[in-house]
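# Report on the structure
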Amino acid sequence: QVQLVESGGGSVQPGGSLRLSCAASRSIESVSAMGWYRQYPGMQPEQREFVAQITGGGPSAYSNRVEGRCTIARDNAKNTVYLQLDSLEPEDTAVYYCRERFSGEIYWGQGTQVTVSS
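We now turn to the structure provided with this report.

Here we take up the overall build of the protein. Summing up its helical and strand segments, the protein has zero helices and 11 strands in all. Its helices and strands taken in sequence order, the protein reads β-β-β-β-β-β-β-β-β-β-β from the N to the C terminus. For a compact globule of 118 residues, the expected C-alpha radius of gyration is about 13 Å, and the protein comes in at 13 Å, within 12% of that figure. Counting only C-alpha atoms and orienting by the principal axes, one finds that the protein spans roughly 40 × 25 × 25 Å. Going through the 118 residues of the protein one by one, you find that 44% of them count as buried. Considering only contacts in the protein between residues 6 or more positions apart, those separated by 24 or more positions represent 54%. As displayed, the protein offers around 6,000 Å² of accessible surface, 44% of which is attributable to carbon and sulfur atoms. Averaging the coordinates of the 10 positive side-chain charges in the protein and doing the same for the 12 negative ones gives two points 3 Å apart.

Following this line, the structure appears as structure tokens:
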């Protein structure tokens, strides 16, 4: 069973940037998709909002709420997926979770907090 560990979260001012990392305990080369979701305060885990996804072949997809401000990338050699967040706004404040879809199963990390405030 894979373990996913997120890092890179923190507190930034509006307009700031963060780069989140998701380190997997096993190879992600054959993983169908790696993605990022976010959970707002008071939100149930089942309600986590899609942010970005990258497939094993490289194609990426983004939520309309972050497209243009967000870039997802993967480094298979490091078993790591990154999420670059730019032009952050207070509405981006949430716990960001890494998600792996592999062999018909979904795996989640523990999340990393992103706080955007003045």
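From this point, things continue past the structure.
A word on the nonpolar core. Soluble globular proteins: nonpolar side chains tend toward being buried together. The biggest cluster of nonpolar side chains holds 28 residues, and the ones touching the most others in it are Leu4, Met34, Trp36, Val51, Val81, Leu83 and Tyr96. Among the secondary structure elements, those contributing two or more residues to this core are β3 (18-24), β4 (33-39), β5 (49-55), β7 (70-75), β8 (80-85), β9 (94-102) and β11 (112-116). Top element by residues in this core is β3. It accounts for four residues.

Glancing now at the packing of aromatic side chains. Counted under the stated rule, the structure contains three aromatic pairs. Centre to centre, the rings of Tyr37 and Phe50 are 5.5 Å apart; their planes meet at 75°, and the pair counts as edge-to-face. In this pair, Tyr37 sits in strand β4 while Phe50 sits in strand β5, placing the two residues 13 residues apart along the sequence. Residue Phe50 is classed as partly exposed on the basis of its relative accessible area, which comes to 26%.

Below, the discussion takes up the pairing of strand β1 (residues 4-7). Only one face of β1 is covered, namely the one carrying Leu4 and Glu6; the face carrying Val5 and Ser7 has none of its residues buried. With four bridges joining them, β1 and β3 adopt antiparallel strand pairing. Following the sheet pairing, Val5 is matched in β3 by Ala23.

With that settled, consider the pairing of β8. Buried residues dominate β8, accounting for five of its six residues. Pairing of β3 with β8 involves six bridges; the strand directions are antiparallel. Directly across from Arg19, in β8, lies its bridge partner Gln84. Where β7 and β8 come together, six bridges link them in antiparallel fashion.

What counts, and at which threshold
- Residues numbered from 1 in each chain as written.
- Predicted model: local features only at pLDDT ≥ 70, side-chain atom pairs only at ≥ 80, totals over all residues.
- Heavy atoms only, no water.
- Helix = DSSP H or I, 4+ residues; strand = E, 2+ residues; numbered from the N terminus.
- Rg over C-alpha atoms; globule rule 2.2 N^0.38 Å.
- Buried < 20%, exposed > 50% of the residue type's maximum accessible area, 1.4 Å probe, protein only.
- Contact = heavy atoms within 4.5 Å.
- Areas by Shrake-Rupley, 256 points an atom, 1.4 Å probe, with all protein chains shown as cover.
- Lys, Arg positive; Asp, Glu negative; His and termini not counted.
- Charge placed at Lys NZ, Arg CZ, Asp CG, Glu CD.
- Core = buried A, V, L, I, M, F, W, Y, C linked by side-chain atoms within 4.5 Å.
- Phe/Tyr/Trp six-rings, centres within 6.5 Å; stacked < 30°, edge-to-face > 60°.
- Pairing = 2+ DSSP bridges.

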